[in-house]
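# An overview of the molecular structure
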Amino acid sequence: MSVTQTAPAPQRLAVSSTRAQQLPLYRSVMDQPLNAPYRAGVLADTCRELHTSPHATLDFVGALAGLEVSRSAETALLSIDKSLRHSADPLAASLAWLQPLAGSDLTVAAELPDARQLPAPLRFELAMMLSAMGQSHQFLQRALARLPATLTPALLLRQALDGNLQLFEEPDYRVLLPLIDREALLAGMLDLVAATERLQKFVSTEPHLPAVRWSLDTPMGQIMVDTTGQSRHHQLKDPLLVLDVGGDDHYEFLPRSASHRISVLLDHLGNDHYSSSSPGADPSSATLGFGILWDTQGSDTYQGGQHAQASALFGAALLVDGGGENHFTASSHAQAHAIGGLAVLLSSTGSDSFNAQTHAQASAGPLGVALLLDPAGNDRYTLDNTPLIRPSPQLAGHNTSMGQGAGRGFRADATDGRSTAGGLGVLVDLAGDDHYRAQVFAQGSGYQQGLGILVDDGGNNLFEAAWYAMGAAAHQGAGVLLKRGDGHDQYLASHSTSIGAAHDFSMGVFLDEGGDDQYTLGDLGLGAAHDNSTALFVDGAGNDHYRVNASACRALGAAYLTEWGSLRESLLNLGLFMDLAGRDQYPEACERASNQASWSSPRAWPLLKLPSESGAGWDGTVALPMPIRTLTSMPPVTAEKP
């Protein structure tokens, strides 16, 4: 077959009732599965180029969502800057920009500090930030204008995060997803990030920053400024704008009011502690709104429960940590999670740890895009079983992880007749010896027209999971794991359908560029397709060791159908295994696999040569047959002389 014939039943996606919700990158990899490693590599290269600018990274995430919004940081703030420079008091003028957010007259002039208490240029920069909030809120109003007033944050949390959606309940958030003006949502968040980025650059470069401690309660939330450098305990409810410079601070976030829509917290310097126990309380979570938490330096601790640490629900959320060795702990829907919006977590070059149970660490639901980007460090990503809060249908004693690069939708046949396409979850780690541990659906996995991508760009890494992990997918999902570099890696999948595996019209792709690697699989993987899917496994170089615990050895280039006697028998089911260099060790039970050999998967119907039994493996010495980096980053290719 040709490369263009490797897609799993593309006509099914073309006529799907959820086609309008399918994200463009998902469609691309489903249409050309063998091109998925290149697309994942280009994505990682772009992240490497942009990661020092949260604004540029968010703009890129918007592009991944299929949104065409051209809004530079300079353009977004130009009119605000010009207007405030002509005002008698920019801080007072900025509160006028907040009138739409307040919903009522805002008369606080008497409470404002004078020019001696809050001098320029800090006064002007705070005014710029508050004015940008007012402008972003206008975009937010446009983005959510078509949603009914009955769609409250509490209802969204119950339906979308808790999964407690009553039969025939109205409103139903799944039906309302297409009503979000996602371009307006992105534009408003870009403006807010641009203003925060400007304020961050100011406080980090201003040589004569005045020592100011000022707070103001407004109808939109609390404004708090502390540049004294003291270590403090801040207990905050509905923070609108928080700026703290210096000190080892402890932030405690109280339950958020239903009407609170925008929060920005910028902490410069110090080893800080952020804690919240209520869903959506911390500033980096957003429900029907925008949220930003930016910590510039220091080794910090983030503690949260559900809906925390860059979690967007019908909104946009950003968490930036600029330095130190940081620890993130949450329960679910956290650490870059999005439904009906955008979520970005930019971590630091230190050795960080991320801990949660479910739907976390680059996890995206319907019309959501979530990115967790870590530039360096020996990091640990853990999606644990304790406590058991979302038992997996595959393994009742394991949580459904749905993270570390996971996209998921909802299947009508499994719920109440309403399907949704899944989102895009992307985890990119650019350097370091990292440890990934998860349970079911993780590490580049997709479910129900969702796409999950994990790209690790170097180091000696350990990947552990149970089922549907490491480039795996189910039910028209797509999963990609790309490991670049020559690190010596270990991949341990204790159960099934992992390490380049796909089930039910899905696509699973796994590629490890080099190194002496160890692979342990329970059953069905290492290039195994099941029920009309496309599965690809590629190991580019090194002396590798393969172990398959199931005696049937449904692995190493295999294709199987659950049942015969239907149209499925005539549809493609493609499982490919390729080991491209080195002296490798294969399981004794997998008799057909060996060094410097090619083999085909056993067929139940050999004389019919059905496309549903297209499985093959190859071990030899050859260069990677597909690019995994931007083509122009490679040495130039010169034309041969005639």
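Structure report, in brief. (Residues numbered from 1 in each chain as written. Predicted model: local features only at pLDDT ≥ 70, side-chain atom pairs only at ≥ 80, totals over all residues. Heavy atoms only, no water.)

### A word on a nonpolar patch on the surface
- The grouping of Trp564, Trp605 and Leu608 at the surface amounts to a nonpolar patch, some 310 Å² of accessible area in total.
- Secondary-structure assignment places Trp605 in the loop between β43 (597-600) and β44 (614-619). (Patch = residues over 30% accessible without salt bridge, like charges linked within 9 Å, V, L, I, M, F, W, Y side chains within 5 Å. Areas by Shrake-Rupley, 256 points an atom, 1.4 Å probe, with all protein chains shown as cover. Salt bridge = Lys/Arg side-chain N within 4 Å of Asp/Glu carboxyl O. Helix = DSSP H or I, 4+ residues; strand = E, 2+ residues; numbered from the N terminus.)

### Section: the sheet that holds strand β12 (residues 311-313)
- With parallel pairing, 10 strands are arranged side by side in an open sheet as β8-β12-β16-β20-β24-β28-β32-β35-β38-β41. The outermost strands of the open sheet, each flanked by one partner alone, are β8 (285-287) and β41 (558-560).
- Across the sheet, helix α9 (residues 153-161) touches β8, β12, β16 (337-339) and β24 (406-408), and the angle it forms with β12 is around 105°. (Pairing = 2+ DSSP bridges. Contact = heavy atoms within 4.5 Å. Axes fitted to C-alpha atoms, helices over the stretch in contact; angles between N-to-C directions.)

### Quick look at the sheet that holds strand β19 (residues 358-360)
- Pairing is parallel across the open sheet formed by three strands, whose spatial order is β11-β15-β19. Two strands lie at the open edges of the sheet, namely β11 (306-308) and β19, each paired on one side alone. Neighbour-to-neighbour, the strand axes of this sheet turn through a mean angle of 5°, independent of strand direction.
- Relative to β19, strand β15 (residues 332-334) is paired through two bridges, and the arrangement is parallel.

### Remarks on the environment of Ala370
- Note that Ala370 resides in strand β21 (residues 368-374).
- Judged by its relative accessible area of 0%, Ala370 falls in the buried class.
- Taking the C-alpha atoms as reference points, Ala370 and Asp531, separated by 161 residues in sequence, lie 29 Å from one another.
- Those residues in contact with Ala370 that lie beyond four places of it in its chain are Ala336, His337, Ala338, Ala343, Ala362, Ser363, Ala364, Leu424, Gly425 and Val426. (Buried < 20%, exposed > 50% of the residue type's maximum accessible area, 1.4 Å probe, protein only.)

### Quick look at the packing of helix α5 (residues 73-84) against helix α8 (residues 122-143)
- Here α5 crosses α8 at 125°, and the two axes come no closer than 10 Å. With respect to α8, the axis of α5 lies oblique. In this structure, the crossing between α5 and α8 has a hand that is right-handed. Residues Ala76, Leu77, Ser79, Ile80, Asp81 and Leu84 of α5 pack against Phe124, Ala127, Met128, Ser131, Ala132 and Gln135 of α8.
- Its residues assigned to classes, the contact of α5 with α8 comprises eight nonpolar, three polar and one charged. (Parallel < 35°, antiparallel > 145°, perpendicular 65-115°, else oblique. Left-handed = near helix turned anticlockwise from the far one by under 90°. Nonpolar A, V, L, I, M, F, W, Y, C, P; charged D, E, K, R; others polar.)

### Considerations on unusual backbone geometry
- Geometrically, the link from Ala120 to Pro121 is a cis peptide bond, its omega value of 5° lying close to zero.
- Within the fold, Pro121 resides in the loop between α7 (99-102) and α8.
- Pro171 follows Glu170 through a cis peptide bond whose omega is -5°.
- Unlike most non-glycine residues, Leu288 shows phi in positive territory, near 55°.
- Summarising the element assignment, Leu288 is placed in the loop between β8 and β9 (290-295).
- The exposure class assigned to Leu288 is buried, which follows from its relative accessible area of 5%.
- Its identity as a non-glycine residue notwithstanding, Asp504 has a phi of 65°, on the positive side.
- Looking at the secondary structure, you find Asp504 in the loop between β35 (501-503) and β36 (507-512).

### Quick notes on the pattern of salt bridges
- Taken as a whole and judged by the stated rule, the model has 19 salt bridges.
- Between Asp191 and Arg71 there is a salt bridge whose closest N-O contact spans 2.5 Å. In this pair, Asp191 sits in helix α11 (residues 182-205) while Arg71 sits in the loop between α4 (54-64) and α5, placing the two residues 120 residues apart along the sequence.
- Residue Asp457 is joined to Arg484 by a salt bridge in which the shortest nitrogen-to-oxygen separation is 2.5 Å. Of this pair, Asp457 sits in the loop between β29 (451-456) and β30 (462-465) while Arg484 sits in the loop between β33 (478-483) and β34 (490-498), placing them 27 residues apart in sequence.

### As for the nonpolar core
- Judged by nonpolar contacts, the single largest core of 118 residues is most densely connected at Met133, Phe314, Val428 and Ile453.
- Looking at this core element by element, the count peaks at 13 residues for α11.
- Sequence-distant contacts of Met133, defined by excluding residues within four places in its chain, comprise Leu98, Leu192, Leu240, Leu241, Ile262 and Val264.
- Listed in part, the 53 residues of the second largest apolar core include Val242, Ala281, Ala312 and Ala555. (Core = buried A, V, L, I, M, F, W, Y, C linked by side-chain atoms within 4.5 Å.)

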